[in-house]
Amino acid sequence: MNDRENLLLKPARAVGIVGYGVYIPQYRLPASEILRIWAGDEGGAPVKEKAVPGLDEDTITISIEAARNALARAGIDAQKLRAVWVGSESHPYVVKPSSTVVAEAIGASEHIQAADLEFACKAGTEAVVAAMALVGSKMGDYALAIGADTAQGKPGDALEFTAAAGGAAFVIGPAENALATIAASYSYVTDTPDFWRRQHQVYPEHGQRFTGEPAYFKHVTAAAQTMLSQLGTTAADYAFAVFHQPNTKFPQRVARELGFSKEQIETGLLSPVIGNTYAGASLVGLTAVLDIAKPGDRILVVSYGSGAGSDAFDMRVTDLIEERRNKAPLTQQYIERRIEIDYATYARYRGKIVMK
Amino acid sequence: MEIPRHWRLQKQRLALVGEVCPHCQAKIFPARDVCPECGGEAKTAFKFSGKGEVYSFTTLHSVPAGFEENAPYTVALVKLDEGPIITAQLTDVGEREVKIGTPVEMVTRRIRQDGDERGMLIYGYKFRPVLRMS
């Protein structure tokens, strides 16, 4: 790769996050419950607990609440949106868009772009890149990008500890109305078979340890390093960094290798208490950072989606953050809204009990 | 299969859109095009805030066909801040005690599926105890 080659995506018109919103379901399944059922209470777990959707929740309902929160912070009429894009690997329909339901529920115009995106855990950040392009090219002033999931984990599989539910929504708009500007994005993708779910299959398959080195670490590292080298920045320039968080250890290790401290990543590292919200994961982490960030703070966000690829973003918080952050519930408020459930309730809520 | 009926009710169910009477300003839900207060024609769309309080409630254990998966659940008469009283399920109640007067807010949730697992998904309003804001 030639360092002097311009690999960053920089919009012609400066853009940023005008409003952000999050949603995390209230139910929590402690990892100890999975160990109790499947491991005789023995062994360790990759997270403390994970967020579980209720019987009436799915990617569409999660997206709607996150979107309403984002619009409340943005302070704009939903009619001003020029696009509604929902990234997820658990769209309730295989065929029929989630995005049109979300658009109708929030009162968006009918004269918009709407589509569902799928790229494992980076579908949400891909929606953000698309929104940056639409606003940055002046084809529209505002676009809504959402990453949300109700992830599936095979009973007894390692992924069952982490496959969680939640999502985040972002109103992307002109930089002058942004609570955080986005200077650039950069994406790195290759064909890497670390995790997939075939048509008609209920649960995904994964490549065990292959999901680490050649998958998560290679792509997150490449995206972050390229972003930093092309911008001429170092880890020390950022107040916060958020990395995709399929568990607790991966983001901690990649952060350390890239030169980020524990303090820089701890605010946005939510997987220990909510699990991996897949397309929501890095974006939900970002909402927790925006909840406490100060004007001038620089934020690096790097997602990862299996299959595989990473999107990196360089953001800077503006003065508008102070007046907007309390116009919707904070991420920590959703995390504290917690009802612990046992494995049997989890099995019922996630449709794992055969009824006919 | 009741696709046209569900489709017609979408705006009302997904976004809590009713009507406002241009003559006496009464807020109307669901939309009925005639004001129940003054009898005048009322066709102006009005989006409700979704805030209200529990007017009365009951918990159902024996539920209508199509809602079995969610049983037991609580149904409430919710008095919206704008005036109308509407019937809706409560959700995310958990261990919290529901009382007459409990402040609630509208959320959009999956209500049921039309027929079996091949049918369309029906989304609509439910109400939950108001989320604490900082």
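Everything quoted here is computed from the prediction, not taken from an experiment.

Calculation rules
Residues numbered from 1 in each chain as written. Chains lettered and ligands numbered in written order. Predicted model: local features only at pLDDT ≥ 70, side-chain atom pairs only at ≥ 80, totals over all residues. Heavy atoms only, no water. Pairing = 2+ DSSP bridges. Helix = DSSP H or I, 4+ residues; strand = E, 2+ residues; numbered from the N terminus. Contact = heavy atoms within 4.5 Å. Axes fitted to C-alpha atoms, helices over the stretch in contact; angles between N-to-C directions. Salt bridge = Lys/Arg side-chain N within 4 Å of Asp/Glu carboxyl O. Buried < 20%, exposed > 50% of the residue type's maximum accessible area, 1.4 Å probe, protein only. Patch = residues over 30% accessible without salt bridge, like charges linked within 9 Å, V, L, I, M, F, W, Y side chains within 5 Å. Areas by Shrake-Rupley, 256 points an atom, 1.4 Å probe, with all protein chains shown as cover. Phe/Tyr/Trp six-rings, centres within 6.5 Å; stacked < 30°, edge-to-face > 60°. Lys NZ or Arg CZ within 6 Å of the ring centre and 35° of its normal.

1. Overview of the sheet that holds strand 14 (residues 339–340) of chain A
Residue and element names in this part refer to chain A. A sheet is described by the order of its strands in space; here three strands give the open sequence 3-2-14, paired in mixed fashion. If you trace the sheet from one side to the other, it starts and ends with strand 3 (49–52) and strand 14, each paired once. Both strand 2 (residues 27–30) and strand 14 contribute to a ladder of two bridges, which runs parallel. Bridge pairing in strand 14 places Arg28 opposite Glu340. Across the sheet, helix 1 (residues 31–38) lies against strand 2 and strand 3, angled at about 50° from strand 2, the strand it touches most.

2. Some details on the pattern of salt bridges
In total, this model carries 28 salt bridges over all chains according to the counting rule given. Of the charged contacts in the structure, one is a salt bridge between B:Lys11 and A:Glu104, with a shortest N-O distance of 2.9 Å. With B:Lys11 in helix 2 (residues 10–15) and A:Glu104 in helix 3 (residues 98–106), this pair bridges two chains. On the basis of relative accessible area, B:Lys11 is assigned to the partly exposed category, the value being 42%. With a shortest N-O distance of 3.1 Å, B:Glu105 and B:Arg128 are connected by a salt bridge.

3. Notes on a nonpolar patch on the surface
All names here are of chain B. A contiguous nonpolar patch, built from Tyr55, Leu77 and Ile85 and spanning about 260 Å² of accessible area, is present on the exposed surface. Mapped onto the fold, Tyr55 is located in strand 4 (residues 51–60). Overall, Tyr55 belongs to the partly exposed group, its relative accessible area being 46%.

4. Overview of the packing of aromatic side chains
In this structure the tally under the stated criterion is 16 aromatic pairs over all chains. With centroids separated by 6.3 Å and ring planes inclined at 55°, the aromatic side chains of A:Tyr238 and A:Phe260 adopt a geometry described as tilted. Taken together, the residues A:Tyr238 in the loop between helix 5 (212–231) and strand 11 (240–243) and A:Phe260 in the loop between helix 6 (249–258) and helix 7 (262–266) connect sequence positions 22 residues apart. Both residues of the pair, A:Tyr238 and A:Phe260, belong to the buried class. Three or more aromatic residues joined by ring pairs form one cluster here, namely B:Phe29, B:Phe46, B:Phe48, B:Tyr125 and B:Phe127. Across the ring face of A:Phe217, the terminal group of A:Arg253 is positioned such that the distance to the ring centre comes to 3.8 Å.

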